[in-house]
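Structural description and commentary
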Amino acid sequence: MFFLCYAFFAVSLLNSLHDFHVSSCDENCADKPVFTPSRLVVKFGDPTSATCVVCQHTCPNDLYGLEKSVGNATKNGTTISWEIDSLTEWDTSPMCYYTDNNDNQCCSTLPVTVYQPPKNVSFSFLNHSGSMTAGHLYTLQCHVQEVAPVGNLNVIFYQGQTVLGRLQSNNAEKTPVTETFTLDITPSKADDGGQYWCEAKLDLGAEGPQTPPVVESGKLTATVYYEPQLKESSHPDLITVTEGDRLQLNCSAVGNPSPSYNWMLPSASGSPFSGDILTIESVTLEHKGQYNCSVHNNIGTVTVKFNVDVKDENCADKPVFTPSRLVVKFGDPTSATCLACQHTCPNNLYGLEKSVGNATKNGTTISWDVDSLTEWDIPLMCYYTDNADNQCCSTLPITVYQPPKNVSFSFLNHAGPMTEGHPYTLQCHVQEVAPVANISVTFYRGQTELGQRKVKGNLEKKPVTETFTLDITPSKEDDGGQYWCEAKLDLGAEGPQTPPVVESGKLTATVYYEPQLKGSSHLDLITVTEGDRLQLDCSAVGNPSPSYNWTLPSASGSPFSDDILTIESVTLEHKGLYNCSVHNNIGTVTVKFNVDVKDENCADKPVFTPSRLVVKFGDPTSATCLVCQHNCPNELYGLEKSAGQNAITTILWKVDSLTEWDTSPVCYYTGDNNRCCSTLPVTVYQPPKNVSFSFLNHSGPMTAGHLYTLQCNVQEVAPVANLNVTFYRGRTELGQRKVKGNLEKKPVTETFTLDITPSKEDDGQQYWCEAKLDLGPEGPQTPPVVESGKLSATVYYEPQLKESSHPDLITVTKGDHLQLNCSAVGNPSPSYNWTLPSASGSPFSDDILTIESVTLEHKGQYICSVHNDIGTVTVKFNVDVKDENSADKPVFTPSRLVVKFGDPTSAKCLACQNTCPKDLYNLEKCVGNVTKNGTTISWEVDSLTEWDIDVIECYYTGNADNQCRCTQHVTVYQPPKNVSFSFLNHAGPMTAGHPYTLQCHVQEVAPVGNLNVTFYRGQTELHRKQSNNTEKTPMNETFTLDITPSKEDDGGQYWCEAKLDLGPEGPQTPPVVESGKLTATVYYEPQLKGSSHPDLITVTKGDRLQLNCSAVGNPSPSYNWTLPSATGSPFSGDILTIESVTLEHKGQYNCSVHNNIGTVTVKFNVDVKESYMYIILVVLLVLVLAAIVFVSIYIHLYKHNRKGRYNLKDVFHLRSQLIAVPTEELICG
């Protein structure tokens, strides 16, 4: 042992001396050694050389030399040559030095760069395959393998021959490394069809190769999708043609995918509806009107409008209908007027032909009306006959419509999963719609538009049922997407401002696709040294989830059905070809790994059959070993094992019941003093005893977009390293987890987690997990699988509008029907609050606001606030109301007034935009003062103290005694004087899970219809409420909200806030008054702090036992313990402790945790084992005590009989005679 210590010291000292020159060298001296060349760049494995002139002048002595880790050095005077046949060290720097007469050392170091060009360069898109979309962000990645030094590597990304960017590594590592470089791009239309690739170049400076090593990747041809772009940028605002001429409207566009075309035509215009160029060979008067061409593909839509006027040479003064076109819902009332002659009619031969309704003449104006239009095809013609008996007429186009009664979606002749690359047909069934020519059906995947379809050639005006189809070829990216369709009646400008839309239900698609490898490439030959770690990565994605089959060299023990094959310590038997077959129902992909294992010491190794064992704990097993492939050199061979028995002649190892978790028999022989051996890998397994699923630190509904953690608890499984845990949502695999780094072979309990961010689509889905032991081909053919229970998820998400857009300005005519659609979906179901122009009486809390007959007072901004507990979305509708009887209307500035009660205010009215026909104009008001300045009328009031001022009207009277008016709306407001918060009919603590009602009392606020009340817990918004009361004077209102508190709400502060939303004309900071805050106490039943404990707790007699039953609850819980009969114990604590366990403590311990709200019970099963150490110690103690007693008695008796002085020498001399000689007797005798 001392010799080894000295040897270690000597080696350390030699190492220190070896580094002596480096530690004391001066590289800044004046006469430094000079290397030629001054820098070396060498390819790994190539020969190289350099020379060093030690001293530029005469060296002072012979103390000079060259330090190097490899190669040979030769001296020739003061010149030293260094050379090496094959440079195989990555980091070497020869140093040339000399020592002067003052013992100062001067040196120079030769910089040596050892390089290796990249073994492979591959190019791909990060986390993307397939087509790109113009304007979206994508990441290019360039994977460079086994290059050195990586710090000298330049990576260039190209599109075609255009350089996109250059990147360089910051890694200073000198040995070969593999590195991935990324570059973000945003492709455009021009990039479609371009080839992307990358180039890796080693820039090694002037001393490196004159042509730097360059390796190029393969090239990927990009497909870029972009929205349609019109080939012709403009056309006349009005296209005028003569009756009988040819009309051609060009809507041609380019796009990727190729765009489709939908035309919306004037009602009587039969036409091809889906071409890029619309041609009418001979125009008639019915072709007059607006033609809308919608060009669309999956990426976007562009719309072109053509206004066409058709002239009739034979009839200059045609009758004119107002309106020029009618769109009427079946069963609704309608009306129109016809001015038979624009000028003076030549006679009284004029009239109106109709099949329904009533006609009334007033001069040359004919009025037509019908109470309920119940005919689908209505001819209505206005005419007059001139003096030459020529009849001039106009027809009023009338479209009678009915929205679809139902829309359903399905796959044509298909059910179940789809397969990537196969064609399928979507079908949308639209029932009872009219007119069918105006229906547009759009197919969607999620929110992505797939294509539109219209009826071709069907001019039926009555309701029909039609089925529309669209062919698709799904890809991997479509898996889990929701397919559906939407039917929309496009009725033109005269139709409803929000076209009738009916959506189908949604079908979630499962797309099966063959496995695709995650890694793009690997080395042709993988070389490792015996004892090293080997990892082969065959990971792939696919649906169904792929399985992995490995075909291995015969003796290679390994996990055989996982994506990554790992061998912790490689042996020579692991050399050979590894085939990884990745397969599912759709296809198979195979990867080959060639592995070479180096071992200099042992060529002919023993071979086990089988090469690997997989045994269930407690089962029998056996194996044989062929010690030598050829003749054994001698009989020094055998088999070492920790369990079982073997027969010497056959080297057979067998065990009746394998109850050791870690056993590895070794077969060996000894030859020429070298021992050659093989180890049989034995995997002892136990399936999980139980698998449970839960959400980590969460219960109840989830919120879309928030992060949550799934956890899967797997109990008593071995070996845990072979365990695969898969998380599912329904039948959709969310992710897999394995243990990293835990090589424990005995059963363990492990918890696996997976983070998710749920979305709206996950509401109602079932989450669960599955634990599977992957034990390779030697294991059970059906791997042991244990599933957890399933938890149904509720996902809360903020409101999402059903209709994504509406016109910036909605223009309606006085007396028309107005419908504003604010419908949304959300969880919880959303509520609706409308803020309306002041004079607009309206329902305030529905999704669709309907005004049957619009008046001028309905003009203004309508704000719809859609909210639930998760969020709020706001929609603004700007409505303009036209009055056909008044073209030049008075105009107020501002258009609406919002005034605090008692404040001053003012407004101006420009009575006529142009010249007023006479002086008959003024302003009607109930308060304030009026001042005229030309046609401008000013109104002001010093203190507005009337609540219901209603309106101020500005008007003028025209030459025909027609009066034109404009109304100014005035809102008088007062913020709440006080806001108070309380619980309705409740005081004191609440109980978790019980319903309670919050109430917010708002005093003296006006107008209460503009009041929004928000309930809060802390800073979390619980809900919003709005009053339906249209009272304008101040009043008190109480708002309520039902809640069901949980444990987490204990200690939370509840309160409310009252805010007056007065629109854009109101204060920029709306008046807000908050209530006081009430701190809630929530009682809840006990909940255990610890999640689980072993089914059986085993302790040894005399050990300490501690049983933890700690729980939280409100009120604080009490504890009652029921113990085994003979066990005295404290009964009311949360933790039961027994300092020294006896056999009487064995049994079941029941801990009952309770408070006023509930009780939870925990059972602990305790087994106590006898400790023989105590018996041994007791026996030893008895023996020691007996010995002490014996010696004490002996000494006592001996001294009692032999008192006196003794000579110790003589006593020992005579001890054989057992005679003690007193000193006195010797002296005296």
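Since the structure is predicted, the reported quantities are computational estimates derived from the model, not experimental observations.

Parameters and conventions
Residues numbered from 1 in each chain as written. Predicted model: local features only at pLDDT ≥ 70, side-chain atom pairs only at ≥ 80, totals over all residues. Heavy atoms only, no water. Helix = DSSP H or I, 4+ residues; strand = E, 2+ residues; numbered from the N terminus. Buried < 20%, exposed > 50% of the residue type's maximum accessible area, 1.4 Å probe, protein only. Contact = heavy atoms within 4.5 Å. Areas by Shrake-Rupley, 256 points an atom, 1.4 Å probe, with all protein chains shown as cover. Core = buried A, V, L, I, M, F, W, Y, C linked by side-chain atoms within 4.5 Å. Pairing = 2+ DSSP bridges. Salt bridge = Lys/Arg side-chain N within 4 Å of Asp/Glu carboxyl O. Patch = residues over 30% accessible without salt bridge, like charges linked within 9 Å, V, L, I, M, F, W, Y side chains within 5 Å. Disulfide = S-S within 2.5 Å. Phe/Tyr/Trp six-rings, centres within 6.5 Å; stacked < 30°, edge-to-face > 60°.

**Here we look at the overall build of the protein chain**
Along the backbone of the protein chain there are 5 helices and 104 strands. For the protein chain, the proportion of its 1229 residues judged to be buried stands at 42%. In the protein chain, the proportion of contacts linking residues at least 24 apart, taken out of those at least 6 apart, comes to 67%. Just so you have it, the protein chain exposes about 64,000 Å², and 47% of that area is on carbon and sulfur atoms.

**Some details on the nonpolar core**
Among the nonpolar cores identified, the biggest contains 29 residues, and Leu426, Ile439, Val441, Phe443 and Tyr483 are the most heavily contacted of them. In terms of residue count, the dominant contributor to this core is strand β39 (residues 424-433) (5 residues). Here Ile439 is in contact with Pro404, Val433, Arg453, Lys454, Val455, Phe468, Ala487, Lys488 and Leu489, once residues within four sequence places are set aside.

**With respect to the pairing of strand β93 (residues 1035-1043)**
Along β93, the buried face is formed by Met1035, Glu1037, Phe1039, Leu1041 and Ile1043; none of Asn1036, Thr1038, Thr1040 and Asp1042, which line the opposite face, is buried. As judged from the 8 bridges shared by strand β90 (residues 996-1005) and β93, these two strands associate in the antiparallel manner. In the sheet register, Tyr996 faces β93, and the bridge partner there is Ile1043.

**Some thoughts on the environment of Cys625**
If you trace the backbone, Cys625 turns up in strand β56 (residues 621-626). For the pair Cys625 and Cys667, spaced 42 residues apart in sequence, the C-alpha separation works out to 6.6 Å.

**Regarding the pattern of salt bridges**
Going through the model one piece at a time under the given rule, you end up with 19 salt bridges. Between Asp377 and Lys461 there is a salt bridge; the shortest N-O distance is 3.2 Å. Of this pair, Asp377 sits in the loop between β33 (365-370) and β34 (380-385) while Lys461 sits in the loop between β41 (448-454) and β42 (464-472); the two residues are 84 residues apart in sequence, bridging distant segments of the chain.

**Some words on the sheet that holds strand β89 (residues 990-991)**
What the 3 strands build is an open sheet, ordered β89-β97-β100; its pairing is mixed. The open sheet has two free edges, formed respectively by β89 and β100 (1111-1114), since each of these has just one partner strand.

**Let's talk about a nonpolar patch on the surface**
A cluster of nonpolar residues, Ile1176, Leu1177, Val1179, Leu1180 and Leu1183, forms a patch on the protein surface that exposes about 460 Å² of accessible area. Position of Leu1177 relative to the elements: it lies in helix α3 (residues 1172-1201).

**A closer look at the pairing of strand β22 (residues 247-250)**
By the alternation rule, side chains of β22 split into Leu247 and Leu249, which are all buried, and Gln248 and Asn250, of which none is buried. Direction of pairing for β22 relative to strand β25 (residues 277-280): antiparallel, over a ladder of 4 bridges. If you follow Asn250 over to β25, its bridge partner there is Ile277.

**With respect to the sheet that holds strand β23 (residues 253-256)**
Taken together, the 3 strands give an open sheet; going across it, the order is β12-β20-β23, and neighbouring strands pair in mixed fashion. Of all the strands in the sheet, the pair left with one neighbour each is β12 (132-133) and β23. Direction of pairing for strand β20 (residues 224-230) relative to β23: antiparallel, over a ladder of 3 bridges. Residue pairing across strands places Leu230 opposite Ala253, the latter belonging to β23.

**Digging into the state of the cysteines**
By the definition in use, this model includes 14 disulfides. Through a disulfide, Cys29 is tied to Cys106; the S-S separation comes to 1.4 Å. Residues Cys29 and Cys106 share a disulfide whose torsion about the S-S bond is about 60°; that sign makes it right-handed. Separated by 77 residues along the polypeptide, Cys29 in the loop between β1 (25-26) and β2 (34-36) and Cys106 in strand β9 (residues 105-109) bring together distant segments of the chain. Its relative accessible area of 18% is what places Cys29 among the buried residues. Two residues, Cys251 and Cys293, share a disulfide whose sulfurs are 2.0 Å apart. Residues Cys251 and Cys293 are joined through a disulfide that is left-handed, its torsion about the S-S bond being -95°. Taken together, the residues span a long stretch of sequence, with Cys251 in the loop between β22 and β23 and Cys293 in strand β26 (residues 289-296) at a distance of 42 residues.

**Observations concerning the side chain of Gln159**
With respect to the helices and strands, the residue Gln159 is situated in strand β14 (residues 153-159). For Gln159, a relative accessible area of 16% puts it in the buried group.

**Looking at the packing of aromatic side chains**
Taken as a whole and assessed by the stated rule, the structure comprises 20 aromatic pairs. Judged by centre distance (4.1 Å) and plane angle (5°), the rings of Phe44 and Trp90 are stacked. In this pair, Phe44 sits in the loop between β3 (40-43) and β4 (48-53) while Trp90 sits in the loop between β7 (79-84) and β8 (95-99), placing the two residues 46 residues apart along the sequence. What makes Trp90 buried here is its relative accessible area of 16%. Where Phe409 meets Phe411, the ring centres are 5.7 Å apart and the plane angle is 75°; that geometry is what we call edge-to-face. One exposure class covers both Phe409 and Phe411, and it is buried.

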